[in-house]
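One letter stands for each residue in the lines below.
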Amino acid sequence: MSSTVEVTGLTKSYTMGGEPLLVLRGIDLAMRPGEVVCVMGPSGSGKSTLLNIVGGLDRPTSGAVFVDGVSLDSMDDEQLAVYRRERVGFVFQSFNLIPTMTAQDNVELPLVFAGIDKDTRRHRAAAALDKVGLSQRLDHKPTELSGGEQQRVAIARAIVNSPAIVLADEPTGNLDTATGHEILLLMREMNAEGRTLLITTHDRAVAESVAHRIVHLLDGSVTEIEQGGNL
Ligand code: ADP
Ligand code: MG
């Protein structure tokens, strides 16, 4: 269930008011299968942009992302959609759950898009929710769950397709320290199952507890790569 992710010479620029805005200025990063890399940096340094490009949600201006040796750039939009659906799990700071749907239905959603039949969906979503400790909350809607529980649902949704890569954009950013710690333990579990993890965070304690390596971004450039505490 592991994948290599290699980012080479990645740049991204936007045109704002006629002026080019260089958001990523040539990022190089090679992740081993099963590695956890945390990206740290101040707001606006390009963390989310990097994560979105690795996840195939956005395309770079130049440079490339190779996943298991295959360039995302070689994929058309449909192939990229399959990559996102089958190979990548996403976790966001604001959970991004569908408010009108129960926890069970939120977690089933990626399986609906994958064309999986109803019985298999219910079974697999319930198993994923059980894994994150929410087997008693299947019928709760997001507003009927705490922030930590909502993020657990989002994690169940991210792993229900058994992706080899999990991308988490400030997954503990909206949670208190204790709840954030529980989410990090789940991240470590996802990694123990072999998944390659790329996580952005503002929080040094988060990065140190979960990362094999910590990449520091400033103004779209890598300024330092250091060893994390996940040995
Ligand atoms: P971070 O996640 O580190 O806070 P982002 O990757 O979200 O940083 O953003 C980096 C920079 O790119 C910011 O200055 C932001 O304003 C700019 N940016 C992000 N997305 C867009 C966009 N769609 N159009 C124009 N500028 C953008
Ligand atoms: Mg961000």
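Cut-offs applied
What you see as residue numbers is a count from 1 along each chain, following the sequence as written. Key to labels: chains lettered from A, ligands numbered from 1, both in the order written. Given that the model is predicted, a residue must reach a pLDDT of at least 70 before its local features are reported, and side-chain atom pairs must reach 80 or more before they are shown or counted; all residues, however, enter totals for whole chains, interfaces and linings. Each side-chain value is worked out from all heavy atoms of the structure, with water and hydrogens disregarded. What is meant by a nonpolar core is a set of buried Ala, Val, Leu, Ile, Met, Phe, Trp, Tyr and Cys residues, joined one to another through side-chain atoms within 4.5 Å. Accessibility here uses a 1.4 Å probe with only protein chains present; expressed as a share of the type maximum, an area under 20% marks a residue as buried, one over 50% as exposed, and anything in between as partly exposed. Here a strand is any run of E in DSSP of at least two residues, a helix any run of H or I of at least four, and the numbering for each starts at the N terminus. Domain delimitation in this document rests on an assignment produced automatically or drawn from a domain database. Residues are treated as being in contact if the distance between any of their heavy atoms lies within 4.5 Å. Strand pairing is assigned whenever DSSP identifies at least 2 bridges connecting the two strands. The rule for a residue being near a molecule or strand is that one of its heavy atoms must lie within 4 Å of it. Two N or O atoms form a polar contact when they lie within 3.5 Å of each other; inside protein one atom must be a possible hydrogen donor and the other a possible acceptor, and for residues adjacent in sequence the pair counts only when both atoms belong to side chains. Only the protein chains shown count as covering a residue, and every accessible area follows the Shrake-Rupley method with a 1.4 Å probe. Residues are grouped as follows: Ala, Val, Leu, Ile, Met, Phe, Trp, Tyr, Cys and Pro are nonpolar; Asp, Glu, Lys and Arg are charged; all remaining types, including Gly, are polar. What counts as an axis is a line fitted to C-alpha atoms, over the stretch in contact for a helix, and the angles between N-to-C directions run from 0 to 180 degrees. Any angle from 65 to 115 degrees is called roughly perpendicular, while one under 35 is roughly parallel, one over 145 is roughly antiparallel, and all others are oblique. We call a crossing left-handed when the near helix sits turned anticlockwise from the far one by less than a right angle, and right-handed when that turn is clockwise.

Caption draft 1: Focus on the nonpolar core. Of all hydrophobic cores here, the largest spans 38 residues; its most connected members are Val107, Leu129, Val153, Ile155, Met187 and Ile199. Listed by contribution, the elements that provide at least two residues to this core are β3 (36-40), α3 (103-113), α4 (118-131), α5 (147-159), β7 (165-169), α6 (177-192), β8 (196-201) and α7 (204-210). The biggest single contributor to this core is α5, with six residues. Per-domain counts for this core show at least three residues from each of domain 1 (1-87 + 163-231) and domain 2 (96-162). Beyond its immediate chain neighbours, meaning those up to four positions away, isoleucine 155 contacts Val91, Val132, Ile183, Leu186, Met187 and Met190.

Caption draft 2: Representation of the side chain of arginine 121 in the model. Secondary-structure assignment places arginine 121 in helix α4. Looking at arginine 121, the relative accessible area reads 14%, which means it is buried. If we ignore the near neighbours within four places in the chain, the residues touching arginine 121 are Gln104, Glu108, Leu111, Val112 and Ile116.

Caption draft 3: The arrangement of the pairing of strand β9 (residues 213-218) in detail. Counted residue by residue, β9 has five buried out of six residues, so it is predominantly covered. Both β3 and β9 contribute to a ladder of four bridges, which runs parallel. When the bridges of β9 are listed, methionine 40 appears paired with histidine 216. When β9 meets strand β10 (residues 221-227), the two strands line up antiparallel, connected through six bridges.

Caption draft 4: A look at α3. For α3, the complete set of buried residues consists of Ala103, Gln104, Asn106, Val107, Glu108, Pro110 and Leu111. The secondary structure elements touched by the buried residues of α3 are α2 (77-87), α4 and α5. Positioned one or two residues after α3, glycine 115 has a phi angle of 75°, which is positive.

Caption draft 5: Focus on the site of ligand 1. As a structural note, the neighbourhood of ligand 1 is formed by Tyr14, Met16, Leu21, Val23, Pro42, Ser43, Gly44, Ser45, Gly46, Lys47, Ser48 and Thr49. With respect to ligand 1, the backbone of glycine 44 contributes an N or O atom lying 2.7 Å from an oxygen atom. The fraction of the free accessible surface of ligand 1 (570 Å²) that becomes covered by protein chains is 63%. For the shell around ligand 1, the secondary structure elements donating two or more residues are β1 (5-16), β2 (19-31) and α1 (47-54). Broken down by element, the residue count for the shell around ligand 1 peaks at three residues, all from α1. Its residues assigned to classes, the shell around ligand 1 comprises five nonpolar, six polar and one charged.

Caption draft 6: Seen up close, the packing of α3 against α4. Look at α3 against α4: their axes get within 9 Å of each other, and the N-to-C directions meet at 125°. With respect to α4, the element α3 is oriented oblique. Between α3 and α4 lies a crossing of right-handed hand. Facing Ala103, Gln104, Asp105, Val107, Glu108, Leu111 and Val112 of α3, the residues of α4 in contact are Lys118, Arg121, Arg122, Arg124, Ala125, Ala126, Ala128 and Leu129. Classifying every residue of the contact of α3 with α4 gives eight nonpolar, one polar and six charged.

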